[in-house]
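Observations on the model geometry
Letter by letter, the chains look like this.
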Amino acid sequence: MVVWLNFPKFVVSIHRSMLRIRHSKHIPFGSYAAINLFGFIIIKKGIHLRWTDINHELIHTRQQAEMLWIPFYTWYVVEWLIKFIIYRNLNRAYYNISFEREAYSNQHDIQYLRNRKWYSFVKYLFKKKTDKTLKYKNE
Ligand SMILES: [Zn+2]
């Protein structure tokens, strides 16, 4: 169950209808708190997401929908492999995937999805890592 207490009211009204949240003991693996699979946000049991985390996952939902889901996951994995070859580090590869760069760079902007243009992740493909991204990475 998502704790809505600290969410601004307008955020709750915008997002509640879009949220499809499930809890799991085992998914996602490792130290990840949540994963977005075909628009379903799966949260590890016992984890409470902040509204910025929910916003992050909703950005992924939008990316997936505009790419018609399967191409999204294909692109995600291929880009992760390329970034792994470039950075030689699992975490750096993950944080530099264009979908993640876009989500981490904008998760604190609650209006972002209202104003976002289609395929905005493309401009994050070759964007150099910013201080903003680094800051979010360490949260
Ligand atoms: Zn993400």
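This text goes with the structure placed above it.
Computed from a predicted structure; not experimentally measured.

Looking now at helix H3 (residues 70-87). Over its 18 residues, H3 runs 25 Å from end to end, which matches the ideal 26 Å to within 8%, given 1.5 Å per residue. Looking one or two places after H3, you find Arg88, whose phi comes out positive at around 55 degrees.

In this structure, His48 sits in the loop between strand E3 (40-44) and helix H2 (51-66). Linking His48 and Ala34, residues 14 residues apart in sequence, is a C-alpha distance of 9.8 Å.

Our focus in this paragraph is the environment of Leu37. Inspection of the secondary structure puts Leu37 in strand E2 (residues 34-37). Taking the C-alpha atoms as reference points, Leu37 and Glu57, 20 residues apart in sequence, are found 9.7 Å from one another.

So, on to the nonpolar core. Residues Ile54, Leu58, Ile59, Ile97, Phe99, Ala103, Tyr104 and Phe121 constitute the largest nonpolar core, which totals eight residues. Only H2 and helix H5 (98-106) provide two or more residues apiece to this core. Among all residues touching Phe121, those that are not within four sequence positions of it are Gln63, Ser98, Phe99 and Glu102.

Time to look at unusual backbone geometry. With omega at 0 degrees, the peptide bond leading from Ile27 into Pro28 counts as cis. Topologically, Pro28 is positioned in the loop between strand E1 (21-24) and E2. One non-glycine residue with positive phi stands out, namely Arg88, at about 55 degrees. Relative to the helices and strands, Arg88 resides in the loop between H3 and helix H4 (90-95). Assessed through the 9 C-beta atoms surrounding it within 10 Å, Arg88 is described here as exposed. With a phi angle near 55 degrees, Tyr119 is a residue other than glycine that sits in the positive phi range. Summarising the element assignment, Tyr119 is placed in the loop between helix H6 (112-115) and helix H7 (131-137). A count of 10 C-beta atoms within 10 Å places Tyr119 in the exposed class.

What counts and what doesn't
- Residues numbered from 1 in each chain as written.
- Predicted model: local features only at pLDDT ≥ 70, side-chain atom pairs only at ≥ 80, totals over all residues.
- Helix = DSSP H or I, 4+ residues; strand = E, 2+ residues; numbered from the N terminus.
- Expected span 1.5 Å × (residues − 1).
- Core = buried A, V, L, I, M, F, W, Y, C linked by C-beta atoms within 7 Å.
- Buried ≥ 20, exposed ≤ 12 C-beta atoms within 10 Å, placed from the backbone.
- Contact = placed C-beta atoms within 7 Å.

The values reported here are purely geometric and, on their own, carry no functional implication.
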